[in-house]
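# Reading the structure
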Amino acid sequence: MSVKEATKAAPAPTRATPEPPRPAKRHRNWDEVPRWQIYLPLGIYLLFTLIPFYWILLFSLRPAGSTSLVPWPVTFDHFEKVWTERSFGTYFQNSVLVGVVTLLMTTLVALAGGYALARFNFRIKRAFMLGLLCSQFVPGALLLVPLFEIFAELQMINSLGSIIIAETVFQLPLSMILISNFIKNVPYSLEEAAWVDGCNRMTAFRIVVLPLLRPGLIAVGSFAFVHSWNHFLFALMFLNNQEKQTIPVGLNTLMGADSVDLGALAAGGIIAAVPVVIVFAFIQKWLITGFSAGAVKG
């Protein structure tokens, strides 16, 4: 048999079937963690946060002298006592007045100053911004004596106007910085387009820029309101008349030198906390947007 014939008679070699590729081993990313590692610390944090609130609610709703861990039978005697006998109705009205007026004054002045910082360049701009930032490191207690002397000369001691002015002044630096950064995120070309259409600067700001600043204004206003609502030091130093005092000072009057009415104190704490919680529940969406946008460096 010839070589050619032998080659033809030989069977053709079979081609080996390639093995299917093995799936690559999947590595878990750092951000992919089991759910229990997320929910467990959040649950512990929530537990430690809610226990004090439950304790306050328990003391405010259960009868005096009761040691039950469940508020039953429920009584509202403590709320009636602090609202009528302890003049918390008057304290509440004063706190609302101080908070609302401080909110309006802080927002209006910070809006004007923030617009100037965002849209104009002047020689001492950097020094002015540095001064605003450094003012946040000055504690309010350090300025109590000079503020008291100023308000005494102006005959504003024992007046809610002194509290409003002091709170507005201390809220302005941070509020102005936040609104300034928020205005920088609004394109300047929008105002220029309004100028071309015949608007002056004030009209262009009111029609074009101001509607876009709603989250920032809500954030600044809510921060000013809550700070003035909870601030204790100014009201304690500048207000002597009981009819002019606010809720933080009213809560302090419930703690005597020898004894403390825990039920009345807890009811007063609920009255002080519930309005703020309700307000924040409605504005939380705009609040988060405003603070995040105001924190962006322009």
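Refer to the structure printed above.
Scope of this entry: the structure provided in the associated data block. The residue numbers shown here count from 1 along each chain, following its written sequence. It should be noted that, the model being predicted, local features are given only for residues of pLDDT at least 70 and side-chain atom pairs only at 80 or more, the latter also being counted only at that level, while totals for whole chains, interfaces and linings use all residues. The basis for every side-chain value is the complete set of heavy atoms in the structure, and neither hydrogens nor water enter the calculation.

Quick look at the pattern of salt bridges now. Each salt bridge in this description consists of a side-chain nitrogen of Lys or Arg and a carboxyl oxygen of Asp or Glu lying within 4 Å of one another. Counting across every chain of the model gives one salt bridge. A salt bridge links glutamate 191 to arginine 119, with the shortest nitrogen-to-oxygen separation between them at 2.6 Å. On the criterion of sequence distance, the pair formed by glutamate 191 in helix H8 (residues 188-196) and arginine 119 in helix H4 (residues 88-119) is long-range, its members being 72 residues apart. Like glutamate 191, the residue arginine 119 is buried in the burial classification. Strands are runs of DSSP state E lasting at least two residues, helices are runs of H or I lasting at least four, and both sets are numbered from the N terminus onward. Categorising residues by exposure relies on relative accessible area from a 1.4 Å probe, with only protein chains included: less than 20% of the type maximum marks a residue as buried, more than 50% marks it as exposed, and the intermediate range marks it as partly exposed.

Moving on to the environment of glutamine 245. Inspection of the secondary structure assignment puts glutamine 245 in the loop between helix H11 (233-238) and helix H12 (247-253). In this structure, the C-alpha to C-alpha distance between glutamine 245 and glutamine 93, residues 152 residues apart in sequence, is 9.7 Å. In this view, glutamine 245 contacts Thr90, Tyr91, Asn94, Leu239, Asn240 and Thr253; residues no more than four positions away in its chain are not counted. Only heavy atoms enter the contact rule, under which two residues are in contact if any of them lie within 4.5 Å.

Where nonpolar side chains cluster on the molecular surface, the patch consists of Tyr54, Trp55, Leu69, Val70, Trp72, Val74 and Phe76 and spans about 810 Å² of accessible area. Inspection of the secondary structure assignment puts leucine 69 in the loop between helix H2 (35-61) and helix H3 (77-85). Given the relative accessible area of 57%, leucine 69 is considered exposed. Residues forming no salt bridge and having over 30% relative accessible area are the ones grouped into patches, like charges within 9 Å of each other and nonpolar side chains (Val, Leu, Ile, Met, Phe, Trp, Tyr) within 5 Å. What sets the accessible areas is the Shrake-Rupley method with a 1.4 Å probe; for residues, cover comes only from the shown protein chains.

A word on the packing of aromatic side chains. Any aromatic ring pair is given by two values, namely how distant the centres are and how the planes are angled relative to each other. Each pair of aromatic rings taken from Phe, Tyr and Trp, with Trp reduced to its six-membered ring, is defined by centres within 6.5 Å and is described as stacked if the planes are under 30 degrees apart, edge-to-face if over 60, and tilted in the remaining cases. Under the counting rule described, the total for this entry stands at 13 aromatic pairs. Ring plane angle 85 degrees and centroid distance 5.6 Å describe the contact between phenylalanine 92 and tryptophan 229, whose orientation is recorded as edge-to-face. Of the two residues, phenylalanine 92 sits in helix H4 while tryptophan 229 sits in helix H10 (residues 214-230), which places them 137 residues apart along the sequence. Among the aromatic residues, ring-to-ring pairing joins Phe148, Phe151, Phe170, Phe234 and Phe238 into one connected group. In our convention, an over-ring charge means Lys NZ or Arg CZ found within 6 Å of a ring centre and within 35 degrees of that ring's normal. The lysine or arginine in question, arginine 62, covers the ring of phenylalanine 59, its NZ or CZ lying 4.4 Å from the ring centre.

Attention shifts here to unusual backbone geometry. With a phi angle near 60 degrees, serine 87 is a residue other than glycine that sits in the positive phi range. Looking at the element boundaries, serine 87 is found in the loop between H3 and H4. For glutamine 155, which is not a glycine, the phi torsion comes out positive at approximately 60 degrees. Tracing the backbone shows glutamine 155 in the loop between helix H6 (144-153) and helix H7 (160-184). On the accessibility criterion, glutamine 155 (74% relative accessible area) is exposed.

Our focus in this paragraph is H6. Every buried residue of H6 is listed here: Leu144, Leu147 and Phe151. The buried residues of H6 occupy an angular sector of 65 degrees when the element is viewed end-on, so they sit on one face. The outward face of H6, more than 90 degrees from its buried face, is lined by the exposed residues Val145 and Glu153. Residues of H6 that are buried make contact with H7 and H11. Backbone geometry just downstream of H6 places glutamine 155 in the positive-phi region, at approximately 60 degrees. In this description, the arc belongs to the directions extending from the helix axis to the C-beta atoms.

As a further point, take the packing of helix H5 (residues 125-135) against H7. To get an axis, fit a line to the C-alpha atoms, keeping to the stretch in contact for a helix; angles then go from 0 to 180 degrees between the N-to-C directions. Between H5 and H7, whose axes approach to 8 Å, the crossing angle comes to 130 degrees. If you check the angle between H5 and H7, you find them oblique. For the pair H5 and H7, the crossing hand works out as left-handed. Within the contact between the two elements, H5 uses Phe128, Met129, Leu132, Leu133 and Ser135 and H7 uses Pro173, Met176 and Ile177. Polar here means any residue other than Ala, Val, Leu, Ile, Met, Phe, Trp, Tyr, Cys and Pro, which are nonpolar, and Asp, Glu, Lys and Arg, which are charged; Gly is therefore polar. A class-by-class count of the residues in the contact of H5 with H7 yields seven nonpolar, one polar and no charged. Each angle gets one of four labels, with under 35 degrees taken as roughly parallel, over 145 as roughly antiparallel, 65 to 115 as roughly perpendicular, and the rest as oblique. In a left-handed crossing the near helix is turned counterclockwise from the far helix by less than a right angle, and in a right-handed crossing that turn is clockwise.

Its location among the elements puts glutamate 167 in helix H7. Comment: no salt bridge for buried glutamate 167; closest opposite-charge side chain is lysine 244, at 17 Å. Sequence-distant contacts of glutamate 167, defined by excluding residues within four places in its chain, comprise Thr102, His227, Ser228, His231 and Phe234. Neither His nor the chain termini are counted; the positive set is Lys and Arg, and the negative set is Asp and Glu.

Further remarks concern the packing of H4 against H7. Running from N to C, H4 and H7 point in directions that differ by 35 degrees, and their axes come no closer than 6 Å. For the crossing formed where H4 meets H7, the hand is right-handed. Considering only residue class, the contact of H4 with H7 consists of 17 nonpolar, 10 polar and three charged.

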